[in-house]
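# A closer look at the structure
This is what each chain is made of:
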Amino acid sequence: MTGILWNLGAFLVALGVLIAVHEFGHFWVARRCGVFVERFSIGFGKAIWQKKGKDGTEYTLAMIPLGGYVKMLDERVDDVPEHRRHQAFNNKTLWQRSAIVAAGPIANFIFAIFAYWVVYLIGVPAVKPVIGDIAPQSIAATAGIEPGMELKSISGIKTADWESVNMAMISHIGDKKMVITATEPEGGATVERTLDLEYWHFDPETERVMTSLGMKPYTPKITLSISQLVDGGAAIDADMRLNDRITAIDGQPVTQWQQVVDAVRSHPEQALIIEVSRQSQLVDSAEVAPETKLVTLTLTPKARTLADGEVIGYAGFAPELEPWPESYRLNLQFGPIEAVGKATEKTWQLVTLTFDMVTKLVTGDVAVKNLSGPISIAKGAGMTADYGLVYFLGFLALISVNLGIVNLLPLPVLDGGHLMFFAIEAVTRRPVSERVQDIGYRVGSAILVALMAVALFNDFTRL
């Protein structure tokens, strides 16, 4: 329950910030163009807070936080007195109206740059994208990718860390090939490898993009010592403690962590006899080495049902990893000026990736089951907020870019639809008729509702 409330709270904060940024873009440019703004609202429905500013604008916080709007003076909506006609939106020039409409998505892109700028000022820890293992007969193996290679770029996009690698690889969904530039583990020579994607099948619901290509990132060796315990988990119920080292399960010696994983997953609600090596904590002198003793525990993994209906065991513990080699560690931190360039570059990568994905969604190269709705966004907001400010800001930047691009789609109910009508007006030298606009709004609304329904359906199937 606490997790749900945390996700909801993070979701409301994220959505509130991004909606406010978007609508402020419209508001600010409208004011600069001499348009009178009647209401600036965050949310829809009944107002829970209202205030009328000295500028005459009514500022509102409404009950349904799934959007917002800026209501401007407009003769097509209300009667406008003669002395205020010059403040009406519909009486402004074509370029002014276009600027006001485009300002919302542009504000989202600017916010993303700002968010990434703060991220790079604070600094975000990362690791170099070094390949740990390659699956035999996989796409990567066929292309000549080898363990120990460090990925430097993918189809011209620099890949300093694994996040950049993921973004670059995902952008190739539906493509025929992928060109990877890497350095060899011996000697560090730079090589280029071309991956044939003709028969590449990637399901983001069940696998990671690198795994689908046959690559496994390098990770430090997993030890048999326990470093994390989940409250209320089966491990705590069994009196397992931090730093316990698993030595045997059901009388069989354990030498690799995968043996532990396999045993727990295959025994939901079935008792396992776990033998651990435990150090005594009752040490009076720093010169005396801790005493180690063997302890036998009974662990009964709890049952967890996967999306495909399979029931697996879950213990609620995690192993300790050996330290990352210092040569693999990165801290992506820059000065105020350099961070602007890095933030702009990162935002542009997100913009191009999102446009590419939207295009492939339309052409059918990307399945509609990959659409995500508010539930997935809420889970993402809660998870990144739990990790810390830097990760939450990165999440806000990602969603802000997506919000900006979605609003630029040429659907009449969105900003992109209005811009499409303005483009037609610029060519024909006369506004699009109200009848055509009304039909467009109806069709656009139907398409948007259908997409939202699909996204919500996908969200519920992932629960």
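Presented here is a report on the structure given in the accompanying data block. None of the values given here were measured: they were computed from a predicted structure. (Residues numbered from 1 in each chain as written. Predicted model: local features only at pLDDT ≥ 70, side-chain atom pairs only at ≥ 80, totals over all residues. Heavy atoms only, no water.)

Here we take up the overall build of the protein chain. Looking only at helices and strands, the protein chain features 12 helices and 18 strands. Out of the 463 residues belonging to the protein chain, those deemed buried represent 40%. When contacts within the protein chain are restricted to residue pairs at least 6 apart in sequence, long-range pairs at least 24 apart make up 64% of them. (Helix = DSSP H or I, 4+ residues; strand = E, 2+ residues; numbered from the N terminus. Buried < 20%, exposed > 50% of the residue type's maximum accessible area, 1.4 Å probe, protein only. Contact = heavy atoms within 4.5 Å.)

So, on to the packing of aromatic side chains. Under the criterion given, the structure shown has 12 aromatic pairs. Relative to Phe 40, the ring of Phe 27 has its centre 5.4 Å away and its plane inclined at 75 degrees; by these criteria the two rings are edge-to-face. Note that Phe 27 is positioned in helix α1 (residues 2-32) and Phe 40 in strand β1 (residues 37-52), a separation of 13 residues in sequence. Summarising the aromatic geometry, the rings of Phe 44 and Tyr 69 are spaced 6.2 Å apart at their centres and angled 0 degrees between planes, so their arrangement reads as stacked. In this pair, Phe 44 sits in strand β1 while Tyr 69 sits in strand β2 (residues 58-72), placing the two residues 25 residues apart along the sequence. Clustering of aromatic rings is evident, with ring pairs tying together Phe 24, Phe 27, Phe 40 and Tyr 59. Directly above the aromatic system of Phe 36 lies the positively charged group of Arg 84, at a separation of 4.3 Å from the ring centroid. Over the ring of Tyr 314 we find Arg 304; its NZ or CZ atom is 3.9 Å from the centre of that ring. (Phe/Tyr/Trp six-rings, centres within 6.5 Å; stacked < 30°, edge-to-face > 60°. Lys NZ or Arg CZ within 6 Å of the ring centre and 35° of its normal.)

Attention now goes to the side chain of Arg 97. As for its placement among the helices and strands, Arg 97 is situated in helix α2 (residues 94-122). Beyond its immediate sequence surroundings of up to four residues, Arg 97 is in contact with Phe 89, Asn 90, Lys 92, Phe 422 and Glu 425.

Let us look at the pairing of strand β5 (residues 150-154). Counting buried positions over the 5 residues of β5 gives 4, a clear majority of the element. Strand direction decides the pairing type here: β5 and strand β7 (residues 177-183), joined by 4 bridges, are antiparallel. Its bridge partner being in β7, Ser 153 is matched across the sheet by Thr 181. In terms of strand pairing, β5 meets strand β6 (residues 157-158) through 2 bridges, oriented antiparallel. Within β6, the position partnered with Ser 153 by the bridge is Lys 158. Linking β5 to β6, which pair antiparallel, is a turn of 2 residues; within it Ser 155 sits at a positive phi near 50 degrees. (Pairing = 2+ DSSP bridges.)

Taken N-terminus to C-terminus, the directions of α2 and helix α10 (residues 389-407) make an angle of 160 degrees; their axes are 8 Å apart at the nearest point. Put simply, α2 runs roughly antiparallel to α10. The hand of the α2/α10 crossing is left-handed. Of α10, the residues touching α2 (which contributes Pro 105, Asn 108, Phe 109, Phe 111, Ala 112, Ala 115, Tyr 116, Val 118, Val 119 and Ile 122) are Leu 389, Val 390, Leu 393, Gly 394, Leu 396, Ala 397, Ser 400, Val 401, Leu 403, Gly 404, Ile 405 and Asn 407. (Axes fitted to C-alpha atoms, helices over the stretch in contact; angles between N-to-C directions. Parallel < 35°, antiparallel > 145°, perpendicular 65-115°, else oblique. Left-handed = near helix turned anticlockwise from the far one by under 90°.)

Counting 33 residues, the largest nonpolar core has Phe 111, Tyr 116, Tyr 120, Leu 332, Leu 396 and Val 401 as its most contacted members. Elements with a contribution of two residues or more to this core: α1, α2, β3 (124-127), α8 (336-363) and α10. Those residues in contact with Val 401 that sit more than four places away from it in its chain are Phe 109, Ala 112, Thr 347, Leu 350, Val 351 and Thr 354. (Core = buried A, V, L, I, M, F, W, Y, C linked by side-chain atoms within 4.5 Å.)

Let us now look at the packing of helix α4 (residues 162-170) against α8. One can describe the packing of α4 onto α8 by two numbers: an axis separation of 10 Å at closest approach and a directional angle of 30 degrees. Judged by the angle between their axes, α4 and α8 are roughly parallel. Note that α4 runs across α8; the crossing there is left-handed. Residues Glu 163, Ser 164, Met 167 and Ile 170 of α4 form the contact with α8, whose own contacting residues are Lys 346, Gln 349, Leu 350, Leu 353 and Met 357. Among the residues making up the contact of α4 with α8, the classes are represented as 5 nonpolar, 2 polar and 2 charged. (Nonpolar A, V, L, I, M, F, W, Y, C, P; charged D, E, K, R; others polar.)

Moving on, we get to the pattern of salt bridges. Tallied over the full model, the rule gives 15 salt bridges. With a closest N to O distance of 3.4 Å, Arg 329 and Glu 326 form a salt bridge. In the salt-bridge network here, residues are joined through shared partners; they are Glu 75, Glu 82 and Arg 85. (Salt bridge = Lys/Arg side-chain N within 4 Å of Asp/Glu carboxyl O.)

Next up on the list: the sheet that holds β5. Here we have 4 strands laid out as an open sheet, ordered β6-β5-β7-β8, and antiparallel in their pairing. The outermost strands of the open sheet, each flanked by one partner alone, are β6 and β8 (190-196). Along the sheet, α4 makes contact with β5, β6 and β7, crossing β5 at roughly 45 degrees.

All right, on to the side chain of Ser 225 then. Structurally, Ser 225 is set in strand β10 (residues 222-229). In this structure, Ser 225 is in contact with Asn 243, Asp 244, Arg 245, Ala 318, Pro 319 and Glu 320, ignoring residues within four places of it in sequence.

The subject of this paragraph is unusual backbone geometry. The phi angle of most residues is negative, glycine excepted, and most peptide bonds adopt the trans form. Of note in the backbone geometry, Gln 137 takes a positive phi value of approximately 60 degrees without being a glycine. Tracing the chain through its elements places Gln 137 in the loop between β4 (131-134) and α3 (139-143). Look at Gln 137 and you get exposed, because its relative accessible area is 74%. The phi angle at Arg 429 is positive, at roughly 70 degrees, despite the residue not being glycine. Tracing the sequence through the fold places Arg 429 in the loop between α11 (415-428) and α12 (434-462). A relative accessible area of 74% means that Arg 429 is categorised as exposed.

Geometry only, nothing functional implied.
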